[in-house]
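# Understanding the architecture of this molecule
Listed here are the chains, written in short residue letters.
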Amino acid sequence: MRRWQKFAIGTAAGIIIAGAGLFVLDAADRAYPPPLEQAEAVSPEVLDSDGQLLRAFATPEGRWRLKTDVSDVDSQFTRMLVAYEDQRFYEHSGIDVWALGRAALQFVSNGRIVSGASTLSMQVARLIEPRESRSFSAKLLQIMRAVQIERRLSKGEILDLYLTHAPYGGNLEGVRAASLAYFGKEPKRLTVAEAALLVALPQLPEKRRPDRNLKAAEAARKRVLDRIAVAEVVGDGEAERAEGVAIPARRLQLPALAAHVAEAALRKDPKAIQYQTTLKKQVQTGLESVARAATMKLGPKLSLAMVMADAETGEIVGEVGSADYFDASRSGWIDMTRINRSPGSTLKPFIYGLAFEQGLVSQETIIEDRPADFFGYRPRNFDMSYQGDVTVREALQLSLNVPAVKLLDAVGPSRLMVRFRRAEVRPVLPPNETPGLAIGLGGVGITLKDLVQLYTALANRGQPVRIGDGVTNAPGKIDGEPLLEPVAVWNVADILSGVIPPAGAPQRGIAYKTGTSYGYRDAWSVGYDGRYVLGVWVGRPDNSAVPGLTGYGTAAPILFEALAKSGIATTPLPRPPAGAVRIAQTDLPISQRRFAVNANGLLVASGREPSPQIVYPPEGAHVDLGAKAGDLSPLMLKLQGGRAPFRWLANGKPLPDLSRRRTQSWMPDGGGYSKLTVIDSMGRAASVGVFVD
């Protein structure tokens, strides 16, 4: 056989053998793939609306392992890591042949291991498939796994796995967990000293833990900074300066905010890795700091809860479910934002709003605060005293009980409950009871969350929003009729913004109301500006009495402190809508100067059924409806007295329909003087002249 024939046959045989070998290796690779699925087990994370970490949960085996991508880490740290651990990381395919040769030669020459040859890919293989022994077979498996990993993942994905699983001592795994535990911050922005420490720790994590072995940690960091390749990454002089920076000697707690919201998120989807909430970390941190401080002043077994919501979007931006989630003496595990409690006087603003809307009263209307009997129901004021004649404005600001019940009797408890349903809020009545006058003083059950949802309408010009649960339930506007008309909402806000802040609290330009339930069981305070609503509840989860507990003395100071610590600037309350004005008592119509009702609940003057009177707009009023801008808005007309149905006329021209309501919307043709007239079913009439501006 000729030489070339032998060569050809040998070459062919070699190719066949090599091909067969590659086939066998490929088959083995497919049959025994690396356990990459094990790398998917990471700590669940609860994030705020901007993606900031609020709370993390340990993995089932008790590890703090936060999923980390290259984009989550300072790019200089990544360059330092590669320069120190695996300089040819981007060139090799899992094995650095040059490093292996160097390590073998040093071992033969010195009789011991002088330098390692593990690539980052090999380290990832060891991290996701740990071996107890450090035998030759274990190292060989690492090499094989590294090659397999390189075949399946990109370099960036391999780095992601290292950044997520690298050990940092104790139960800390991954760069994010280590950075949060040692520096109290995400690793997006690291100093040279911080980056060098995070590069050094994974080689011997237990021996180099700075919280236990500070000297070893300092020496390991210096070893990283002294490496020439690392010095080239950080720049001239930076390594020397970094060596003089102190290393943190203690381990910090990972973020643990919004305990109840986080628990609720996990219950809804236990398999998820990340949970996005509507909370804002700055707000949540502020509210929880106030809660901790308040807890120190509260009595034993007392808890508190807070909900802060955006009245425009309905998003909960801060929520505290209890004084301390881990305090068993205060039943901290109970989320008190979701528990029905008696709201005390916090529903009174809605009673007054209905009375304003129906034209029964104005702010300066005189109303009696004297003992009264409503068919056996005899409400008393909180301090057991009476003020006599007061204005409606004073009655609401002082939270007097008798005037509130009188107005509720006039507007009707059922009508108030219907308005609450417009906001998708359904207070709980006692068993087998229909809505009664006790509603006005807290005779229903309502959650803090629902109470805040009601108050969003007062901050949002009468339009309520659904505030959701902070996790999955979508917040947003509630379609349908408003809870109250804008003019009534403005009157309520104008009154509540004049309530004196608690002692030592600054005037923040907010409207707020307090409430104390019967028997000193619940203290409430709800405040709002032109954008946000914050509700505070204080009490015992077991509903037992707490002598001396009041809304003004206990809950209101927490409300003002929480608003200050929330970090959110006060948004001015809405400007008065068209037709909103505070009228002096002497300028009110005679029928509105004093509120009084007969046995049938009719507003009376001199004991007779009154004739109709237009209470808004008043005679000669100038009403700004946008005529000068050429964009007119309607004017709300209100009357008092008379017998339905009513016919309205504008400049002698009847409006389209008869109405049984005491309010009517009128769209003027243009600016200037107009004559408005109302005629009741008995033919009695009343008129006013107004100027439309």
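Note that the structure is predicted; figures quoted are calculated from it, not measured. (Residues numbered from 1 in each chain as written. Predicted model: local features only at pLDDT ≥ 70, side-chain atom pairs only at ≥ 80, totals over all residues. Heavy atoms only, no water.)

### Thoughts on the overall build of the chain
How we decide: Per the convention used, a helix needs a DSSP run of H or I reaching at least four residues, while a strand needs a run of E reaching at least two, with both numbered from the N terminus. Relative accessibility under 20% of the residue-type maximum defines a buried residue, over 50% an exposed one, and the middle range a partly exposed one, all with a 1.4 Å probe and only protein chains included. Whether two residues are in contact is decided by their heavy atoms, any of which lying within 4.5 Å being enough. Per-residue and other accessible areas were derived by the Shrake-Rupley procedure at a 1.4 Å probe size, with only the shown protein chains allowed to occlude residues.
From N to C terminus, the chain includes 20 helices and 22 strands. A total of 693 residues make up the chain; the buried ones form 52% of that total. Counting contacts in the chain only where the partners sit at least 6 residues apart, residues at least 24 apart contribute 69% of the total. Within the structure as shown, the chain displays about 32,300 Å² of accessible surface, and the carbon and sulfur contribution to it stands at 55%.

### As for the sheet that holds strand β15 (residues 613-616)
As a general point, the strands of a sheet are linked pairwise by backbone hydrogen bonds and lie either parallel or antiparallel. To be explicit about the condition: Between any two strands, pairing holds if DSSP finds at least two bridges. In this analysis an axis means a line fitted to C-alpha atoms, helices contributing only their contacting stretch, and an angle means the value between N-to-C directions, from 0 to 180 degrees.
Pairing within the open sheet is antiparallel, and its 3 strands lie in the order β15-β17-β20. Strands at the two margins of the open sheet, each flanked by one partner only, are β15 and β20 (663-666). Averaged over all adjacent pairs, the angle separating strand axes in this sheet is 35 degrees, with direction ignored. The pairing of β15 with strand β17 (residues 635-640) spans 3 bridges and is classified as antiparallel. Opposite Ile 614, over in β17, you have Leu 639 as the bridge partner.

### Examining the packing of helix α7 (residues 175-183) against helix α8 (residues 192-200)
Selection criterion: With respect to orientation, any angle under 35 degrees is reported as roughly parallel, any angle over 145 as roughly antiparallel, any angle of 65 to 115 as roughly perpendicular, and every other angle as oblique. Whether a crossing is left-handed or right-handed is set by the direction in which the near helix is turned from the far one by less than a right angle, anticlockwise for left-handed and clockwise for right-handed. Following the grouping adopted for this structure description, the nonpolar residues are Ala, Val, Leu, Ile, Met, Phe, Trp, Tyr, Cys and Pro, the charged ones are Asp, Glu, Lys and Arg, and the polar ones are all others, Gly among them.
Remark: α7 packs on α8, axes separated minimally by 11 Å, with the N-to-C direction vectors making an angle of 125 degrees. Comparing the axis directions of α7 and α8 gives the class oblique. Here the hand of the crossing between α7 and α8 comes out right-handed. Residues Val 175, Ala 178, Ser 179 and Phe 183 of α7 form the contact with α8, whose own contacting residues are Glu 194, Leu 197 and Leu 198. Residue classes in the contact of α7 with α8 are distributed as 5 nonpolar, 1 polar and 1 charged.

### Some remarks on the layout of surface pockets
For clarity, the cut-off: Only protein atoms enter the 1 Å grid used here, on which a cavity is any set of points holding a 1.4 Å probe that cannot leave and a pocket is any open set flanked by protein within 12 Å on both sides along at least five of seven lines; residues with an atom within 4 Å of a point are listed as lining. Grid points are joined across faces, edges and corners, and a volume is the space filled by probe spheres set on the points.
By volume, the second largest pocket amounts to about 1,100 Å³. Surrounding the second largest pocket, 37 residues form its lining, Ser 345, Asn 381, Phe 382, Ser 399 and Asn 401 being those nearest its centre. Going through the elements one at a time, α15 (392-397), β12 (511-516) and α20 (551-565) are the ones with two or more residues in the lining of the second largest pocket. In terms of residues, the lining of the second largest pocket owes the most to one element, β12, which gives 5 residues. Of the residues in the lining of the second largest pocket, the class split is 16 nonpolar, 17 polar and 4 charged.

### Details of helix α14 (residues 348-357)
Burial of α14 is extensive: 10 of the 10 residues sit out of reach of the surface. Along α14, the residues classified as buried are Lys 348, Pro 349, Phe 350, Ile 351, Tyr 352, Gly 353, Leu 354, Ala 355, Phe 356 and Glu 357. Phi turns positive one or two residues past the end of α14, at Gly 359, with a value near 75 degrees.

### Regarding the pairing of strand β18 (residues 647-650)
For β18 and strand β21 (residues 672-679), the ladder comprises 4 bridges, and the chain directions are antiparallel. Within β21, the position partnered with Arg 647 by the bridge is Ile 679. Both β18 and strand β19 (residues 653-654) contribute to a ladder of 2 bridges, which runs antiparallel. Looking across to β19, one finds that Ala 650 is bridged to Lys 653. Linking β18 back to β19 in an antiparallel pair, the connection comprises 2 residues, with Asn 651 at a positive phi of about 55 degrees.

### A few points about the pattern of salt bridges
Here is the rule: Definition used for salt bridges: Asp or Glu carboxyl oxygen within 4 Å of a side-chain nitrogen of Lys or Arg.
Applying the stated criterion across every chain yields a total of 32 salt bridges. Ionic pairing is found between Arg 370 and Glu 368, a salt bridge with its closest N-O pair at 3.7 Å. The residue Asp 373 makes a salt bridge to Arg 378 at a minimum N-O spacing of 2.9 Å. The partly exposed category is assigned to Asp 373, whose relative accessible area is 44%.

### Points about the nonpolar core
If you look at soluble globular proteins, the nonpolar side chains tend to sit buried side by side. Here is the rule: Residues belong to one nonpolar core when they are buried, are Ala, Val, Leu, Ile, Met, Phe, Trp, Tyr or Cys, and are joined through side-chain atoms within 4.5 Å.
Counting 107 residues, the largest nonpolar core has Leu 304, Met 306, Met 308, Phe 350, Leu 454, Tyr 528 and Val 538 as its most contacted members. The element best represented in this core is helix α18 (residues 448-459), accounting for 8 residues. Setting aside residues up to four positions removed in sequence, Leu 304 forms contacts with Ala 291, Ala 294, Leu 298, Val 320, Gly 321, Ser 322, Ala 323, Trp 537, Val 538 and Ile 558. Leu 36, Leu 81, Ala 200 and Ala 220 belong to the second-largest nonpolar core, a separate cluster that totals 56 residues.

### Section: the confidence of the model for the chain
Segments scoring low in pLDDT should not have their predicted coordinates read at a detailed level. Note the threshold: pLDDT measures how confident the predictor is about each residue, on a scale from 0 to 100.
Looking at the chain, pLDDT values average 87 and 89% of them are 70 or higher. This stretch, residues 598-602, has a pLDDT under 50; its non-local contacts, to residues over four places away or in other chains, come to 4 contacts.

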